[in-house]
Amino acid sequence: MKDFLSTLNICKNVDNFVDYYSLLVEHAKKFNITAITEKKDVAIKHFKDSLAGLWLLPDGARVIEIGSGGGFPSVPLKIENNTLDFTLCEATLKKCEFLKVVSSTLGFENFTVLNARAEELGQDSALRESFDVAVARAVAPLNVLSELMLPLVKIGGRVIAYKGQSYKEELEAAKDAIKTLGGHVEKLVEYDLGGDVGKRCLVVIKKQRQTPLKYPRAYAKIKKCPL
Ligand code: SAM
């Protein structure tokens, strides 16, 4: 993995990525973390993809990740910029246990793992509208995701949603939700992971106004009647 990552030239802290890869492979099945375990696939589809948003995160930013799973994109981002202060929100306990093993093995500080649901954290007055940035990859369509993420971001902060090729359709369906929740689409950052992996897009939403208090709703309602 080390040689492979050096050749790819996608990260500075290669040793930490090698340790993370070992943990992923060791625990992938037990914790149901990822079906992708081949070195090249992990390096490109997980590590390189996660790092696509690195330049959008200011040093020292307070970042919340929704639906962390095995730690994508949060763990690669934290490895490459140790000043970021991360809170991870993951609904599955087993995945949280894995994330805590990763954090202690890599010696992370300011990296909090919460076994919680995003729609509950969004109604917690200690956390609501308190983060500079919220990130998420592969959790829900953008109209649903906006309701999970925007309530947690402070005014002036940003949501960064890692999306695949369906982003245009998702954006169209999420237009009203983003507006209602106090956001506006600031930019779309397209990138290409190369080969047959293909194109991806970061949807960057800036929060301009307070989110009405009734959002986020219970998850069943968000899914049944997305904004
Ligand atoms: N972000 C990771 C990635 O890109 O590999 C994991 C993606 S996985 C498909 C989605 C994760 O989101 C699951 O681990 C699931 O438990 C979590 N999740 C889904 N809805 C959630 C919610 N409302 N609050 C917190 N976690 C949630």
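The structure we're discussing is the one just above.
J.: Help me understand the side chain of S130 in this model?
T.: Residue position: S130 is located in the loop between α6 (118-121) and β4 (131-137). Within polar-contact distance, the side chain of S130 engages the backbone oxygen of L127 at 2.5 Å. Among all residues touching S130, those that are not within four sequence positions of it are R62, L152, V153 and K154.

J.: Sorry, what's going on with the site of the ligand here?
T.: In the vicinity of the ligand, 16 residues are found, and the nearest of them are G67, F72, E90, E119 and R137. Taking A91, its main chain carries an N or O atom lying 3.3 Å from a nitrogen atom of the ligand. Here R137 contributes a side-chain N or O atom positioned 2.6 Å from an oxygen atom of the ligand. In the complex, 81% of the free accessible area of the ligand, which totals 600 Å², lies under the protein chains. Those elements giving two or more residues to the shell around the ligand turn out to be β2 (85-90) and α6. Across the shell around the ligand, the residue classes tally to 7 nonpolar, 4 polar and 5 charged.

J.: Explain the packing of aromatic side chains here, please?
T.: Each aromatic ring pair is described using two quantities: the centre-to-centre distance and the angle formed by the ring planes. Counting across every chain of the model gives 7 aromatic pairs. A centroid spacing of 4.8 Å and a plane angle of 55° characterise the contact between F108 and F111, whose relative ring orientation is tilted. Comparing F108 with F111, the two get one shared label, buried. Just above the ring of Y219 sits the side chain of R117; from NZ or CZ to the centre is 4.8 Å.

J.: Got a minute to help me understand the environment of R200 in this structure?
T.: The residue R200 is located in strand β7 (residues 199-207) in this model. When the C-alpha positions of R200 and T180 are compared, they lie 26 Å apart, and in sequence the two are 20 residues distant. Those residues in contact with R200, other than ones at most four positions away along the chain, are D49, K163, G164, V189, E190, Y191 and L193. Here V197 takes part through its backbone oxygen, which lies 3.4 Å from a polar atom of the side chain of R200.

J.: When you look at the sheet that holds strand β3 (residues 111-115) in this model, what are you seeing that I'm missing?
T.: Hydrogen bonds along the backbone pair up the strands of a sheet, which may run parallel or antiparallel. On the basis of which strands lie adjacent, the open sheet formed by 7 strands has the order β3-β2-β1-β4-β5-β7-β6 and mixed pairing. Each end of this open sheet is capped by a strand with a single partner; those strands are β3 and β6 (183-192). Here the strands of the sheet are splayed against their neighbours by 20° on average, with no regard to which way each runs. Here strand β1 (residues 62-66) runs beside β4; their pairing, made up of 3 bridges, is parallel. Across the sheet, residue V63 finds its bridge partner in β4, namely V133. Against the sheet, helix α5 (residues 93-105) makes contact with β2 and β3, and its axis sits at roughly 165° relative to β3, the strand it touches most.

Reading the values: rules and limits
- Residues numbered from 1 in each chain as written.
- Predicted model: local features only at pLDDT ≥ 70, side-chain atom pairs only at ≥ 80, totals over all residues.
- Heavy atoms only, no water.
- Helix = DSSP H or I, 4+ residues; strand = E, 2+ residues; numbered from the N terminus.
- Polar contact = N/O pair within 3.5 Å; in protein donor to acceptor, adjacent residues only side chain to side chain.
- Contact = heavy atoms within 4.5 Å.
- Near = heavy atom within 4 Å.
- Areas by Shrake-Rupley, 256 points an atom, 1.4 Å probe, with all protein chains shown as cover.
- Nonpolar A, V, L, I, M, F, W, Y, C, P; charged D, E, K, R; others polar.
- Phe/Tyr/Trp six-rings, centres within 6.5 Å; stacked < 30°, edge-to-face > 60°.
- Buried < 20%, exposed > 50% of the residue type's maximum accessible area, 1.4 Å probe, protein only.
- Lys NZ or Arg CZ within 6 Å of the ring centre and 35° of its normal.
- Pairing = 2+ DSSP bridges.
- Axes fitted to C-alpha atoms, helices over the stretch in contact; angles between N-to-C directions.

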